[in-house]
2 protein chains.
Amino acid sequence: MTKVKESSTRNYNKGIAEMTCPITYVMNKIGGHWKTIILYYLISGPKRYGELKRLIPAITEKMLIQHLKQLQEDNLINRKAEDIVPPHVVYSLTPSGEELGPVLLAMAEWAIKDSAKYAGFTATADTCVK
Amino acid sequence: MTKVKESSTRNYNKGIAEMTCPITYVMNKIGGHWKTIILYYLISGPKRYGELKRLIPAITEKMLIQHLKQLQEDNLINRKAEDIVPPHVVYSLTPSGEELGPVLLAMAEWAIKDSAKYAGFTATADTCVK
DNA sequence: ATAACTACTTACTTTGGGGTAGGTACTTGT
DNA sequence: ACAAGTACCTACCCCAAAGTAAGTAGTTAT
């Protein structure tokens with residue numbers, strides 16, 4: 001009967017939700033603005049760190065690496081580093097990541113269709129994919 | 001030629017990104033933990049405010065209303081209020097929202113499949129839908 | 001010798017999403 | 001008279017996510 005505190009409500013709810021709600025499970029893995037974009041770019045094939053940086057100019061290096069790490073931890077991407085003098089690191093989708101591909105493409109399709117309703121949006125299917 | 005400041009870089013990038021990246025467009029509408037869950041519950045049919053509250057016990061009233069409003073503004077849900085004495089408000093998906101349904105279901109399917117790989121996750125297809 | 005390239009790391013600051021805890025208006029039930 | 005139920009609103013606070021800006025190591029190019 002000791003005092004338990006540790007700002008419990010929040011953590012408790014998060015844990016429960018992730019265990020029981022598939023949508024929450026997904027959002028914990030791809031939520032947060034950058035992860036989906038990174039994954040989206042990787043659908044079209046493995047990319048080097050620098051390539052991703054150039055493809056997503058708005059992202060900061062810190063954010064890119066941070067999310068690449070999290071995506072690795074969540075088993076959505078692989079990191080292959082060659083131990084040579086100018087570093088050469090390639091990121092690619094894992095099988096789990098590949099399976100997410102169609103979902104991301106469906107999201108993009110919806111965006112293009114939906115944005116067309118309101119005009120002022122000029123994206124095409126490969127704006128992000130390149 | 002007056003002073004324009006308004007912490008511009010961030011807003012500028014956000015605007016550009018939303019106009020050119022379909023994935024960002026989607027995430028601006030359904031990102032942020034609760035929106036997808038609310039939409040997911042509405043797939044199975046219109047629901048009253050109180051129903052949603054009961055279906056998603058972890059959400060606070062503030063968050064529920066806040067996101068319902070944003071979803072309205074983003075044209076994903078309808079709000080139908082009868083002007084009677086005990087208020088009666090029903091939320092339902094708009095056509096745009098309906099079109100997002102399959103995407104959300106695909107996300108959920110992926111979650112169930114993916115979580116099965118690691119065990120410790122016991123969700124089924126209707127854990128959230130009820 | 002100095003800049004440029006690679007893929008990072010670290011320290012510091014800001015911002016806004018989310019939580020807590022109250023209140024509102026109006027009616028029905030006891 | 002007072003609680004209970006409906007669907008909200010408001011002010012305040014906190015923390016984690018995101019941004020800023022700098023540094024690291026080792027090599028090649030000028």
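Whatever comes next refers back to the structure up there.
Residues numbered from 1 in each chain as written. Chains lettered and ligands numbered in written order. Predicted model: local features only at pLDDT ≥ 70, side-chain atom pairs only at ≥ 80, totals over all residues. Heavy atoms only, no water.

A. Expanded view of the packing of aromatic side chains. In total, this model carries two aromatic pairs over all chains according to the counting rule given. Note on Tyr25(A) and Trp110(B): the rings are 6.2 Å apart at their centroids and 45 degrees apart in plane angle, and the pair reads as tilted. Here Tyr25(A) is found in helix α2 (residues 22–30), whereas its partner Trp110(B) is found in helix α6 (residues 95–118) on a different chain. By relative accessible area, Tyr25(A) is classed as buried at 6%. (Phe/Tyr/Trp six-rings, centres within 6.5 Å; stacked < 30°, edge-to-face > 60°. Helix = DSSP H or I, 4+ residues; strand = E, 2+ residues; numbered from the N terminus. Buried < 20%, exposed > 50% of the residue type's maximum accessible area, 1.4 Å probe, protein only.)

B. Structural context of the protein's contact with DNA strand C. Taken together, 22 residues sit near DNA strand C, with Arg48(A), Glu61(A), Arg79(A), Lys62(B) and Val85(B) positioned nearest. By atom count, sugar and phosphate contribute 68% of the portion of DNA strand C lying within 4 Å of the protein. Contact distances for DNA strand C include 3.3 Å between a phosphate oxygen and a backbone N or O atom of Gly50(A). His67(B) places a polar side-chain atom, nitrogen or oxygen, 3.2 Å from a phosphate oxygen of DNA strand C. At the level of secondary structure, the elements contributing two or more residues to the surface near DNA strand C comprise α4 (49–55), α5 (61–73) and β3 (88–93) of chain A together with α5 (61–73) of chain B. In terms of residue count, α5(A) provides more of the surface near DNA strand C than any other element does, four residues in total. Looking at side-chain class alone, the surface near DNA strand C contains eight nonpolar, five polar and nine charged residues. (Near = heavy atom within 4 Å. Polar contact = N/O pair within 3.5 Å; in protein donor to acceptor, adjacent residues only side chain to side chain. Nonpolar A, V, L, I, M, F, W, Y, C, P; charged D, E, K, R; others polar.)

C. Unusual backbone geometry, seen in detail. Residue and element names in this part refer to chain B. In this model, histidine 33 sits at a positive phi of 65 degrees, which is unusual for a non-glycine residue. Within the secondary structure layout, histidine 33 lies in the loop between α2 (22–30) and α3 (34–43). The partly exposed category is assigned to histidine 33, whose relative accessible area is 23%. We note that asparagine 75 has phi near 65 degrees; this positive angle belongs to a residue other than glycine. Secondary-structure assignment places asparagine 75 in the loop between α5 and β2 (77–82). Asparagine 75 sits in the partly exposed class, given a relative accessible area of 37%.

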